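# Structural features, examined
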Amino acid sequence: MRFAMVGVLNTAFGYALFAALNLSGLPPQAALAIAFSGGVLWNFMTHARLVFDTRGFRRLPFYVLSYLVIYGLNAASLEGLLAIGLHPIMAQGIIVLPAAILAFIAISRVLTDRFPWEPEA
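Everything numeric in this text was worked out from a predicted model, so none of it was measured.

Attention now goes to the overall build of the protein chain. The helix and strand tally for the protein chain stands at four helices and zero strands. Within the protein chain, buried positions represent 38% of all 121 residues. Within the protein chain, counting contacts between residues at least 6 apart in sequence, those at least 24 apart form 61% of the total. Taken as two groups, the 7 positive and 5 negative side-chain charges of the protein chain have centres that lie 8 Å from each other.

Below, the structure is given as C-alpha cells:
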C-alpha cells in the first residue's frame, strides 16, 4: 500500500513534469528523458526510505539500472503510440500504469532482494 501511495505521488510528479516540458515545446522524447532523469534520485529516496525501509545508497546503481530499463521500454512504447497518431500527452498517459507496475516489480527486487510475490525470508 505504501508503494502505491508513494508511486502515485512520484508518477504524478513525473507525468506533470513530462506534460509541462512537452507543452512548453520540448519534443516528447526529450521531455520523457528529462522527466525520468529528474525523478530517479527523488524516487530512490522515497521508495527506499518510505516504502522498503532501506538505508544508504548501496543499492542506488541497481535502482538506476532498473529505471534505465523501464525508461527504454517507456520510450519505445511512446514512440510506437506517437507513430499511430496519438497526442504525446495521451500516449504517455496510456503508458503510465503499465510502467508503474513494471517499476514496482523491478524496484521491489532491487531494494529487497526479492520479487513482491515472494515471501520475506
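Another aspect to go through is the pattern of salt bridges. Side chains bearing opposite charge may pair, as long as their charged atoms lie close to each other. Tallying each qualifying case throughout the model produces three salt bridges. The shortest N-O distance in the salt bridge between Arg55 and Asp53 comes to 3.4 Å. An identical accessibility class is assigned to Arg55 and Asp53; each is exposed. Across the pair Arg59 and Asp113 runs a salt bridge, and its minimum N-O distance is 3.0 Å. Here the residue Arg59 occupies a position in the loop between helix H2 (28-51) and helix H3 (60-83), and Asp113 occupies one in the segment after helix H4 (88-112), the gap between them amounting to 54 residues.

As a further point, take the packing of helix H1 (residues 2-23) against H4. Orientation of H1 relative to H4, taken along the N-to-C sense of each, is 145°, at an axis distance of 10 Å. Considering only the axes of H1 and H4, their crossing is right-handed. Here Phe3, Thr11, Tyr15, Phe18, Ala19, Asn22 and Leu23 of H1 come into contact with H4, specifically with Pro88, Ile89, Gln92, Gly93, Val96, Ala100, Ala103, Phe104 and Ile107. Looking at side-chain class alone, the contact of H1 with H4 contains 12 nonpolar, four polar and no charged residues.

It is worth spelling out the side chain of Thr46 at this point. By the secondary structure assignment, Thr46 is in helix H2. Beyond its immediate sequence surroundings of up to four residues, Thr46 is in contact with Val6, Asn10 and Val51.

Looking now at unusual backbone geometry. Note on backbone geometry: most residues besides glycine have negative phi, and most peptide bonds are trans. A positive phi is found at Asp53, a non-glycine position, where the angle reads about 50°. With respect to the secondary-structure elements, Asp53 resides in the loop between H2 and H3. We classify Asp53 as exposed; its relative accessible area is 53%. Although it is not a glycine, Asp113 sits at a positive phi angle of roughly 65°. Note on Asp113: relative accessible area 48%, which makes it partly exposed.

Conventions and cut-offs
Residues numbered from 1 in each chain as written. Predicted model: local features only at pLDDT ≥ 70, side-chain atom pairs only at ≥ 80, totals over all residues. Heavy atoms only, no water. Helix = DSSP H or I, 4+ residues; strand = E, 2+ residues; numbered from the N terminus. Buried < 20%, exposed > 50% of the residue type's maximum accessible area, 1.4 Å probe, protein only. Contact = heavy atoms within 4.5 Å. Lys, Arg positive; Asp, Glu negative; His and termini not counted. Charge placed at Lys NZ, Arg CZ, Asp CG, Glu CD. Salt bridge = Lys/Arg side-chain N within 4 Å of Asp/Glu carboxyl O. Axes fitted to C-alpha atoms, helices over the stretch in contact; angles between N-to-C directions. Left-handed = near helix turned anticlockwise from the far one by under 90°. Nonpolar A, V, L, I, M, F, W, Y, C, P; charged D, E, K, R; others polar.

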